[in-house]
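Commentary on secondary and tertiary structure
Here's the letter readout for the chains.
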Amino acid sequence: MSWDSISNSEFLGTLIDTIRDVLPIILVIFGFQYFVLRQPIKNIKKILIGLVYVIFGLAFFLVGLEKALFPLGELMAQQLTDPKFIYGTASDVLEFIRWQDYYWVYIFAMAIGFATTIAEPALIAVSIKANDVSGGAISVWGLRGAVALGVGIGITLGSYRIVTGTPLHYYIIAGYIFVIIQTFFAPRAIIALAYDSGGVTTSTVTVPLVTALGIGLATTIPGRSPLIDGFGLIAFASLFPMITVMGYAQISHWRANKQSKSEYTHGG
Amino acid sequence: MVILGLALFIKGLEMGLFPIGESMAYAFARKGSLFWLLIFAFLLGFGTTIAEPALIAVADKAATLAAQAGAIADTDESRSNYAYWLRITVALSVGSAILLGVLRIIRGWPIQWFIIGGYILIVIITGFAPKEIIGIAFDSGGVTTSTITVPLVTALGVGLASSIKGRNPMIDGFGLIAFASLTPIMFVMIYGMIVV
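Calculation notes
- Residues numbered from 1 in each chain as written.
- Chains lettered and ligands numbered in written order.
- Predicted model: local features only at pLDDT ≥ 70, side-chain atom pairs only at ≥ 80, totals over all residues.
- Heavy atoms only, no water.
- 1 Å grid on protein atoms, 1.4 Å probe; cavity = no way out; pocket = protein on both sides within 12 Å on 5 of 7 lines; lining within 4 Å.
- Points joined across faces, edges and corners; volume = space filled by probe spheres on them.
- Helix = DSSP H or I, 4+ residues; strand = E, 2+ residues; numbered from the N terminus.
- Nonpolar A, V, L, I, M, F, W, Y, C, P; charged D, E, K, R; others polar.
- Contact = heavy atoms within 4.5 Å.
- Buried area = accessible area lost by both parts, 1.4 Å probe.
- Salt bridge = Lys/Arg side-chain N within 4 Å of Asp/Glu carboxyl O.
- Phe/Tyr/Trp six-rings, centres within 6.5 Å; stacked < 30°, edge-to-face > 60°.
- Buried < 20%, exposed > 50% of the residue type's maximum accessible area, 1.4 Å probe, protein only.

A short note on empty space enclosed by the protein
Applying the stated rule across the entire model yields six cavities of 30 Å³ or more. Its boundaries defined by the atoms lining it, the largest cavity holds a volume of some 190 Å³. For the largest cavity, the lining is made up of 18 residues, of which Y176(A), S238(A), M242(A), Y119(B) and S181(B) are closest to its centre. Elements with a contribution of two residues or more to the lining of the largest cavity: α7 (168-185), α8 (188-200) and α11 (233-267) of chain A together with α5 (111-128), α6 (131-143) and α9 (176-195) of chain B. Looking at side-chain class alone, the lining of the largest cavity contains 12 nonpolar, six polar and no charged residues.

Quick look at the structure:
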């Protein structure tokens, strides 16, 4: 993409939005640093440069997404949910909905959930931290992959729910019960991180695309209200990563156990 | 451009946001003032949420829904009023979530009891909440945590857990985000019940 295709005012607008997003945080941090802790900040110069990097990086990232990925994603969501595409004819055959006919939507939902989550800046931040803290036991890519898989599954199931029109809270409650049961079997060290990964997945990248998909589905399927049924995909996207991250930890834990056991028998 | 932005963001993260979150956590631990730490935690959660663009969008949609359902008068004034208080509600809930989460790290309470308790409460409230608000409530749990809040809050939690004796940063340091995504669901549904 060339610079010319982006008007300066657009970039400036995004930049201002990002700064407005960061400003309260900066106020709280510096206010406390100077009035409560009463200490000068170490490496203040480096931290300020870092903040500028964060703001500009995020603004670049968002403008780039808006220019390239969002229109494409929204267009695809619209086209895939179009009755013409699904039935090959005009929309008057939509008396009955068979959920199987929407398989392209599910594939798209899976792909978009996975792809947007891999690119999510907040998730990258948490993965770096988790990798640091665990001393490398949790790999950055392993965690990102597990979370992205969870979001993919979540969005797919969420689309299925919109197509069939079943109430949201049944799924959510069932998911919660599953998470609770899984918590008892998961390694203790992963639990907090797994809970966190539910929240971090859904920010800058995922929300606009997923919302477009949900609204598109709810508008084209008769009997669905975009206001009631279009929401709720994000809820799925925050629920399933918890399950996959705990699952990821359980599998790697189990494999490590098995390995050490077999080493023991071979060595002994 | 997307890649350039992401690279800059990560670089800035490691230079700016991670160190400041951790150094503040250490400074608070040294100062030993629980009161100020909790105030800080609350303000951080409240301040970052109230300005969140995603939340503003969700609140406006919720107001339109409520007006359609006949819960509030269908005028611009009552709608913007509804959206404004909804934002305050969510910001309050995130503020108290970070506060509670920090308190948990300091005391070393196991996280699962809070989360499971929170889920059970949510399930119970879902049974009583008006149908229109449920989807929005669950979504608002996800949108409140922005890209800038997450790294900072994570660094704060991990910094606190590593500066307090007997806390394991892996077990105790994470979990602040989980609290911040849980409480808005509850608060928004309660808000929907009270206003309707």
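Quick notes on the interface of chain B and chain A
Many authors give the size of an interface as the accessible area that is lost as the parts come together. If you look at the interface, chain B gives 75 residues, while chain A gives 72 residues. Buried area between chain B and chain A, both sides added, is near 6,800 Å², and the carbon and sulfur share of it is 81%. Looking only at chain B, the three residues that lose the most surface to chain A are M1(B), Y119(B) and M170(B), adding up to 11% of its buried area. Taken together, the connections running from chain B to chain A amount to one salt bridge. With its nearest N and O atoms 2.3 Å apart, the salt bridge here joins E22(B) to K129(A).

Observations regarding the packing of aromatic side chains
By the definition in use, this model includes 14 aromatic pairs over all chains. Between F236(A) and F240(A), the aromatic rings sit 6.3 Å apart at their centres with planes inclined by 10 degrees, giving stacked as the arrangement. Here F236(A) pairs with F240(A), and both are found in helix α11, just four residues apart, close to one helical turn. Both residues of the pair, F236(A) and F240(A), count as buried. Considering the side-chain rings of F42(B) and F46(B), the 6.0 Å spacing of their centres and the 20 degrees angle between planes classify their relative orientation as stacked. Residue F42(B) and its partner F46(B) are located together in helix α2 (residues 34-50), separated by four residues, close to a single helical turn. With relative accessibility at 24%, the residue F42(B) sits in the partly exposed group.

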